[in-house]
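Take a look at the letters that make up each chain.
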Amino acid sequence: QVQLVESGGGLVQAGGSLRLSCAASGRTFGMGWFRQAPGKEREFVVAVSWSGSSTYYADSVKGRFTISRDNPKNAVYLQMNSLKPEDTAAYYCAASRRRLTTREYDYEYWGQGTQVTVSS
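Small disclaimer: the values here were computed from a predicted structure and weren't measured. (Residues numbered from 1 in each chain as written. Predicted model: local features only at pLDDT ≥ 70, side-chain atom pairs only at ≥ 80, totals over all residues. Heavy atoms only, no water.)

(A) Quick look at the nonpolar core. Leu 4, Trp 33, Phe 65, Leu 78, Met 80 and Tyr 91 are the most contacted members of the largest nonpolar core, which totals 34 residues. Of all the elements in the fold, those that place two or more residues in this core are β3 (18-24), β4 (30-36), β5 (43-48), β7 (65-70), β8 (75-80), β9 (89-96), β10 (107-110) and β11 (114-119). Excluding residues within four positions of it along the chain, Tyr 91 makes contact with Glu 6, Leu 20, Trp 33, Phe 34, Arg 35, Val 45, Phe 65, Leu 78, Met 80, Gly 113, Thr 114 and Val 116. (Core = buried A, V, L, I, M, F, W, Y, C linked by side-chain atoms within 4.5 Å. Buried < 20%, exposed > 50% of the residue type's maximum accessible area, 1.4 Å probe, protein only. Helix = DSSP H or I, 4+ residues; strand = E, 2+ residues; numbered from the N terminus. Contact = heavy atoms within 4.5 Å.)

Here it is, written out as structure tokens:
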């Protein structure tokens, strides 16, 4: 069983930046970030392989968000730049036994989420 804890969310103005962190209680393989805005379904944001050499971004965040991981620390990070009001959502860290996947149902472990609010 792996526990995931996100941190780093907050309120930021449009155009600003935030860095989310996800601490895992044990070794993980593929990692991902998802988000859910009020009244909407949870959506994929980005995924990274265990080595960090492979990543996959949703088109909506490509060029603005960057995922990275520090395996000795069992941590994954999401650097979010040029934030937009439409990025407002609860952001969830997730872990999968698969190498790299964008599919929500491939992720076995989930964090409790951290809120990101971008004001216009």
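(B) Inspection of the sheet that holds β3 at higher detail. Ordered by their spatial adjacency, 4 strands build an open sheet running β1-β3-β8-β7, and the pairing between neighbours is antiparallel. Looking along the sheet, the strands with just one partner apiece sit at the ends: β1 (4-7) and β7. Taking the axes of each pair of neighbouring strands and ignoring which way they run, one obtains an average angle of 15° across the sheet. Relative to β8, β7 runs antiparallel, the two sharing 6 bridges. (Pairing = 2+ DSSP bridges. Axes fitted to C-alpha atoms, helices over the stretch in contact; angles between N-to-C directions.)

(C) Broad picture of the state of the cysteines. All chains considered together, the criterion is met by 1 disulfide. Between Cys 22 and Cys 93 runs a disulfide, and the two sulfur atoms are separated by 2.0 Å. As the torsion about the S-S bond is roughly -80°, the Cys 22-Cys 93 disulfide counts as left-handed. On the criterion of sequence distance, the pair formed by Cys 22 in strand β3 and Cys 93 in strand β9 is long-range, its members being 71 residues apart. Residue classification places Cys 22 among the buried residues on the basis of a relative accessible area of 1%. (Disulfide = S-S within 2.5 Å.)

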